[in-house]
Amino acid sequence: MNASDRTRLNQMPEWAALAKHREQLGETHLRDLFASDPGRGTGYTLQVGDLHLDYSKQLVTDETLSLLRELAAATDVFGLRDAMFRGDKINTTEDRAVLHTALRAPRDAVIEVDGENVVPGVHAVLDKMSAFSEKVRSGEWTGHTGKRIRNIVNIGIGGSDLGPAMAYEVLRSYTQRDLTVRFVSNVDGADLHEAVRDLDPAETLFIIASKTFTTIETITNATSARDWLLTGLRAGQEAVAKHFVALSTNAEKVSEFGIDTANMFEFWDWVGGRYSYDSAIGLSLMIAIGPDRFREMLDGFRLVDEHFRTAPAEANAPLLLGLLGVWYGAFFDAQSHAVLPYSHYLSKFTAYLQQLDMESNGKSVDREGNPVDWQTGPVVWGTPGTNGQHAYYQLIHQGTKVIPADFIGFAKPVDDLLPGLVAQHDLLMANFFAQTQALAFGKTPDEVRAEGVPEELVAHKTFQGNHPTTTILASELTPSVLGQLIALYEHKVFVQGAIWNIDSFDQWGVELGKVLAKRVEPALTEGAEVPGLDASSKALVAKYRELRGR
Ligand code: F6P
């Protein structure tokens, strides 16, 4: 279905049916839903690969789910999905295909963009990455002075940082522990400073990750890193070849920077930055965990791709998660979505999802450029449990906002945990299960009174409950499970964009700030007049210069 043939979302009969259903649902409590259906706890679940998804604590009934699926059919979510997998240019504002799924396609797959099969290229780059990773891991790749590389510093930002940085943390227990791997993204010099201050340049490899190779933060940091290296080595430009590699789509800019294109790992404009860490952008991760583990991760991605592509609507996990988000945004006025992993290794997981979700679906015009008058992407936030419990969970439990949340946990701790710490895992997971229980069922005033609480404190100690959550439980945190989780969220975001009729694959919203920063910089450094600078910004720039002693 063409975007232009679509009835506006909130004028579709399926939308009206959902609105009516929401009214009928009224204040129905999860306590009622569980009381009326003893099978709910096991019935409202899905298994996808290693992921067990429990959505029984969502504010939905069979009717809600069937109405939501009717909306998905009316908005042709699966039609757009097929167009994406086929390589159609569904990123219309940039006239690009959206083919991150090709990054994990098997060697013999055929996926064409402009008549060319892109799969052989994907595998050629993976093979080149594997050979390079093995050389670094084994010590065969040496630096300019002949010393073994022991430190990897990835310089990139946004999608060229968040993915590998997140995945490195997640899979830390699979990493070669004698390699130091760090990630630099911020143009604040403090970031690079802290990353390199204790490193020996002779043992350090910089991976410059930038799809465009024009991003100011990355090029500035890469230039400073090159200065640091050459000064430290007391060497000339010839040392760059052994200490710098590039991950990019832009060979011309890479070579302009002074990196030999033989040391460039390529990807393509049909890979969006925030969908790219399973491409060459994952090189730092591959060096850390090794090519075999990296490929296991790709297998995990592929498993969920195949599930999304083939599972019927009633059993399709990304479809379900996407629809739940649409439901809460539109009919409960939920503004945010919390992702709360109960694994320390997932400490950067939600930050990664922030870019994936918010850069994709933070849009307010539809694919035709008309303003939307329905909610689009939520604010995504969260940090690992149990820390959050002692910080902001209070607001989720007893505040005034509807905050749907995903809880992600694992039955087993990672293999190499110190034996003395293994027992702590059950305590971690006891908290995991306790929280979703408390959020769903709360504590009634009568239950509070029955505990002998004085009447004046009953309201304070009452938990209204009815806070919707999804529980995602896997046996253990493996590379494949990470791939499965990321693909699950990628496709969830896709589903929502399809329903909201927005282009989830462009990011024009980041452009204006970039242009203005370029214009303002000379005002800070030289006191130059910036044409069109507003009065507030002008005063702030003057204050900055005064405080900076200029
Ligand atoms: O923030 C905008 C953005 O274009 C992201 O989409 C992208 O991931 C990031 O900048 C980095 O871009 P590049 O990889 O081209 O340096």
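Residue numbers here run from 1 along each chain, matching the order of that chain's written sequence. The predicted nature of this model means local features are confined to residues of pLDDT at least 70 and side-chain atom pairs, given and counted, to a pLDDT of 80 or more, with totals for whole chains, interfaces and linings taken over all residues. Note that the side-chain values use all heavy atoms of the structure and ignore hydrogens as well as water.

As annotated in an unreviewed UniProt entry, the chain carries the name Glucose-6-phosphate isomerase and is attributed to Streptomyces indicus. Per UniProt, the chain carries the Function (unreviewed entry) text "Catalyzes the reversible isomerization of glucose-6-phosphate to fructose-6-phosphate." UniProt positions are given in the numbering used here, feature names are shortened, and annotations may be inferred rather than shown by experiment. As its UniProt record puts it under Catalytic activity (unreviewed entry), the chain is described as follows: "alpha-D-glucose 6-phosphate = beta-D-fructose 6-phosphate".

**Quick word on the site of the ligand**
Residues in close proximity to the ligand total 13 residues, the closest being Gly159, Ser160, Ser210, Thr212 and Thr215. Counted as a polar contact is a pair of N or O atoms within 3.5 Å, where, for protein atoms, one must be capable of donating a hydrogen and the other of accepting one, and residues adjacent in sequence contribute only when both atoms are in side chains. Lysine 211 is positioned such that a nitrogen or oxygen atom in its backbone is 2.7 Å from an oxygen atom of the ligand. Within the side chain of threonine 215, a nitrogen or oxygen atom sits 2.5 Å from an oxygen atom of the ligand. Each accessible area is a Shrake-Rupley estimate made with a 1.4 Å probe; only the visible protein chains count as cover when residues are assessed. Protein coverage of the free-state accessible area of the ligand, which is 390 Å², stands at 87%. Under the convention adopted here, Pro, Cys and the residues Ala, Val, Leu, Ile, Met, Phe, Trp and Tyr are nonpolar, Asp, Glu, Lys and Arg are charged, and Gly plus all remaining residues are polar. Here the shell around the ligand is built from residues that sort into 2 nonpolar, 9 polar and 2 charged. One heavy atom within 4 Å of a molecule or strand is enough for the residue carrying it to be called near that molecule or strand.

**Concerning the nonpolar core**
Counting residues in hydrophobic clusters, the biggest one holds 126 residues, and the most contacted among them are Leu205, Trp270, Tyr277, Phe349 and Leu482. Every helix listed is a DSSP run of H or I at least four residues long, and every strand listed is a run of E at least two residues long, numbered separately from the N terminus. No other element matches helix H20 (residues 479-500), which puts 13 residues into this core. Note that domain bounds follow an automatic or database assignment of domains. The residues that make up this core include at least three from each of domain 1 (9-58 + 335-355 + 369-485) and domain 2 (103-293). Two residues qualify as a contact provided that any one of their heavy atoms is within 4.5 Å of a heavy atom in the partner residue. With residues near it in sequence (within four places) discarded, leucine 482 still touches Met166, Ala167, Val170, Leu171, Tyr277, Met297 and Phe349. Phe213, Ala239, Val240 and Phe244 belong to the second largest nonpolar core, which has 24 residues in total. Nine residue types can take part in a nonpolar core, namely buried Ala, Val, Leu, Ile, Met, Phe, Trp, Tyr and Cys, and a core is a set of them joined through side-chain atoms within 4.5 Å. A 1.4 Å probe rolled over the protein chains alone gives each residue an accessible area, and that area as a share of the maximum for its type sets the label: buried under 20%, exposed over 50%, partly exposed in between.

**A few points about the packing of aromatic side chains**
Side-chain rings of Phe, Tyr and Trp (the six-membered ring for Trp) are treated as a pair once their centres are within 6.5 Å; stacked means planes under 30 degrees apart, edge-to-face means over 60, and tilted covers the remaining angles. According to the stated counting rule, one finds 28 aromatic pairs in the structure shown. Relative to phenylalanine 432, the ring of phenylalanine 407 lies with its centre 6.2 Å away and its plane at 65°, an arrangement referred to as edge-to-face. Within this pair, whereas phenylalanine 407 is found in strand E12 (residues 405-410), its partner phenylalanine 432 is found in helix H17 (residues 424-441), the two being separated by 25 residues in sequence. Neither phenylalanine 407 nor phenylalanine 432 differs from the other in exposure class; each is buried. Three or more aromatic residues joined by ring pairs make a cluster, and in this case those are Tyr342, Trp381, Tyr392, Tyr393, Phe407, Phe432 and Phe433. Remark: a charge is flagged as sitting over a ring if the NZ atom of Lys or the CZ atom of Arg is within 6 Å of the ring centre and within 35 degrees of the ring normal. Here the guanidinium or amino end of arginine 226 rests over the ring plane of phenylalanine 257, the centre of that ring lying 4.3 Å away.

**A short note on the pattern of salt bridges**
Side chains that differ in sign of charge can pair as their charged atoms come close. We define a salt bridge as a side-chain nitrogen of Lys or Arg found within 4 Å of a carboxyl oxygen belonging to Asp or Glu. Going through the model one piece at a time under the given rule, you end up with 30 salt bridges. Between arginine 8 and aspartate 366 there is a salt bridge, with the nearest N and O atoms lying 3.6 Å from each other. Of this pair, arginine 8 sits in the segment before helix H1 (13-25) while aspartate 366 sits in the loop between helix H15 (349-361) and strand E11 (379-381); the two residues are 358 residues apart in sequence, bridging distant segments of the chain. What makes arginine 8 partly exposed here is its relative accessible area of 24%. A salt bridge links glutamate 359 to arginine 274; the shortest N-O distance between them is 2.8 Å. In this pair, glutamate 359 is assigned in helix H15 and arginine 274 in the loop between strand E9 (264-266) and helix H12 (283-289), connecting sequence segments 85 residues apart. Each of the salt bridges in this network shares a partner with another, and the network as a whole consists of Arg104, Asp278, Asp305 and Glu490.

**Section: the domain arrangement of the chain**
Under the domain assignment used here, the chain contains domain 1 (9-58 + 335-355 + 369-485), domain 2 (103-293) and domain 3 (520-548). For domain 2 and domain 3, the distance between their C-alpha centroids amounts to 36 Å.

**Notes on the environment of aspartate 188**
Mapped onto the secondary structure, aspartate 188 falls in the loop between strand E6 (180-184) and helix H8 (189-196). The partly exposed category is assigned to aspartate 188, whose relative accessible area is 43%. A sequence separation of 29 residues divides aspartate 188 from glutamate 217, and the C-alpha atoms of the two residues are 8.6 Å apart.

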